[in-house]
Amino acid sequence: MPQPSTLLAPEPGYSPIVGSLVGLRAIDDAWLVEQFELPWRKQPATNLWAWYHVGEDELNHRGQIRWLASRLPSRAAATPS
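What you are looking at is a predicted structure, and each value in this text was computed from that prediction instead of being measured.

Student: For the side chain of Thr-46, give the residues involved together with the corresponding values.
Tutor: On the secondary structure map, Thr-46 appears in strand 2 (residues 45–46). Ignoring any residue separated from it by four or fewer positions in sequence, one finds Thr-46 in contact with Leu-32, Val-33, Glu-34, Gln-35 and Phe-36.

Below, the structure written as structure tokens:
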């Protein structure tokens, strides 16, 4: 089975969100269903499966960061009078 496509290093001023949207618009359905092997999975994965899980993982970590940040003391409380 083919290996996942390699990604190029971002250029200066690259925006991951805009870059991802532009990149995803440029691909076709055949690329999305392309299969490849992962050592920890018993069945082949597809590029669609991989992109879904990248997005899911990103959202999970953003939630964790927001949750932790909401529990930090404010700068005003931490600054002595």
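Student: Just give me the short version of the pattern of salt bridges, but keep the residues and values in it.
Tutor: Scanning the entire structure with this criterion turns up 1 salt bridge. Ionic pairing is found between Glu-58 and Arg-62, a salt bridge with its closest N-O pair at 2.7 Å. Here Glu-58 pairs with Arg-62, and both are found in helix 3 (residues 47–70), just 4 residues apart, close to one helical turn. Classification of Arg-62 as partly exposed rests on a relative accessible area of 37%.

What counts and what doesn't
- Residues numbered from 1 in each chain as written.
- Predicted model: local features only at pLDDT ≥ 70, side-chain atom pairs only at ≥ 80, totals over all residues.
- Heavy atoms only, no water.
- Helix = DSSP H or I, 4+ residues; strand = E, 2+ residues; numbered from the N terminus.
- Contact = heavy atoms within 4.5 Å.
- Salt bridge = Lys/Arg side-chain N within 4 Å of Asp/Glu carboxyl O.
- Buried < 20%, exposed > 50% of the residue type's maximum accessible area, 1.4 Å probe, protein only.

Taken by themselves, the reported measurements are silent on function.
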